[in-house]
Amino acid sequence: VQLQASGGGLVQAGGSLRLSCAASGRTFSSYAMGWFRQAPGKEREFVAAISWSGGSTHYADSVKGRFTISRDNAKNTVYLQMNSLKPEDTAVYYCAAGGPPNIATMSVIDYWGQGTEVTVSS
């Protein structure tokens, strides 16, 4: 599976962005999908995950209520809708495919996509 993330950019605090991650390959729906981020000088951290069916989602406390993860298996794409953005959301965002597929824990990462940069100005 190859993953291509897009949708990053510069936005003012309080604004919104939607990230997309397009996957190649016929097995996209076999994987749970997730988003991670890495801010300058910090370690990569979990943001959100979704099970293969979309029936289970999980969020980091820092984004809960502001970010929404979703997926369209027909389009082999996972999305991250980011609302009420804060300067501390500034980071490079990475999508990932992994498992277990039926729950949104991303305890195993099988594939990483390249990052897309999000900058939130105050």
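Calculation criteria
- Residues numbered from 1 in each chain as written.
- Predicted model: local features only at pLDDT ≥ 70, side-chain atom pairs only at ≥ 80, totals over all residues.
- Heavy atoms only, no water.
- Helix = DSSP H or I, 4+ residues; strand = E, 2+ residues; numbered from the N terminus.
- Rg over C-alpha atoms; globule rule 2.2 N^0.38 Å.
- Buried < 20%, exposed > 50% of the residue type's maximum accessible area, 1.4 Å probe, protein only.
- Contact = heavy atoms within 4.5 Å.
- Areas by Shrake-Rupley, 256 points an atom, 1.4 Å probe, with all protein chains shown as cover.
- Lys, Arg positive; Asp, Glu negative; His and termini not counted.
- Charge placed at Lys NZ, Arg CZ, Asp CG, Glu CD.
- Pairing = 2+ DSSP bridges.
- Axes fitted to C-alpha atoms, helices over the stretch in contact; angles between N-to-C directions.
- Salt bridge = Lys/Arg side-chain N within 4 Å of Asp/Glu carboxyl O.
- Disulfide = S-S within 2.5 Å.

Caption draft 1: Structural detail: the overall build of the protein chain. When helices and strands are tallied, the protein chain shows 0 helices and 11 strands. In sequence order, the secondary structure elements of the protein chain are arranged as β-β-β-β-β-β-β-β-β-β-β. Over its C-alpha trace the protein chain gives a radius of gyration of 13 Å, about what one expects of a compact globule, namely 14 Å for 122 residues. With the C-alpha coordinates of the protein chain rotated into their principal frame, the extents come out at 40 × 25 × 25 Å. Here the protein chain, with 122 residues, has 43% of them falling under the buried criterion. Partitioning the intrachain contacts of the protein chain with sequence separation of at least 6 by distance along the chain shows that 56% fall at a separation of at least 24. In the structure as shown, the protein chain presents an accessible area of about 6,100 Å², 47% of it carried by carbon and sulfur atoms. Taken together, the 10 basic and 8 acidic charged side chains of the protein chain have centroids lying 6 Å from each other.

Caption draft 2: Spatial organisation of the sheet that holds strand β3 (residues 17–23). Read across the open sheet, the 4 strands follow the order β1-β3-β8-β7; overall the sheet is antiparallel. On the outer flanks of this sheet lie β1 (3–6) and β7 (67–72), each paired with one strand and no other. Here the average twist between neighbouring strands, direction ignored, is 15 degrees. Relative to β3, β1 runs antiparallel, the two being bridged by 4 bridges. Each bridged residue has a counterpart across the sheet, and for Ser6 the counterpart in β3 is Ser20.

Caption draft 3: Representation of the pattern of salt bridges in the model. Summed over all chains, the structure comprises 4 salt bridges. Where Asp61 meets Lys64, a salt bridge forms, and the shortest distance between an N and an O atom there is 3.1 Å. Here Arg66 ties to Asp89 by a salt bridge, and the two come within 2.7 Å at their closest N and O atoms. Of this pair, Arg66 sits in the loop between β6 (57–59) and β7 while Asp89 sits in the loop between β8 (77–82) and β9 (91–99), placing them 23 residues apart in sequence.

Caption draft 4: Expanded view of the state of the cysteines. Taken as a whole, this structure holds 1 disulfide when the rule is applied. Cys21 shares a disulfide with Cys95; S-S distance 2.1 Å. Between Cys21 and Cys95 the disulfide shows an S-S torsion of about 55 degrees. By sign, it is right-handed. Taken together, the residues span a long stretch of sequence, with Cys21 in strand β3 and Cys95 in strand β9 at a distance of 74 residues. Classification of Cys95 as buried rests on a relative accessible area of 0%.

Caption draft 5: Representation of the pairing of β7 in the model. Side chains of β7 alternate between two faces, with Phe67, Ile69 and Arg71 buried and Thr68, Ser70 and Asp72 left unburied. Strand direction decides the pairing type here: β7 and β8, joined by 6 bridges, are antiparallel. Across the sheet, residue Phe67 finds its bridge partner in β8, namely Met82. Here β7 folds back onto β8, and the loop between the two strands holds 4 residues, one of which, Asn76, carries a positive phi near 55 degrees.

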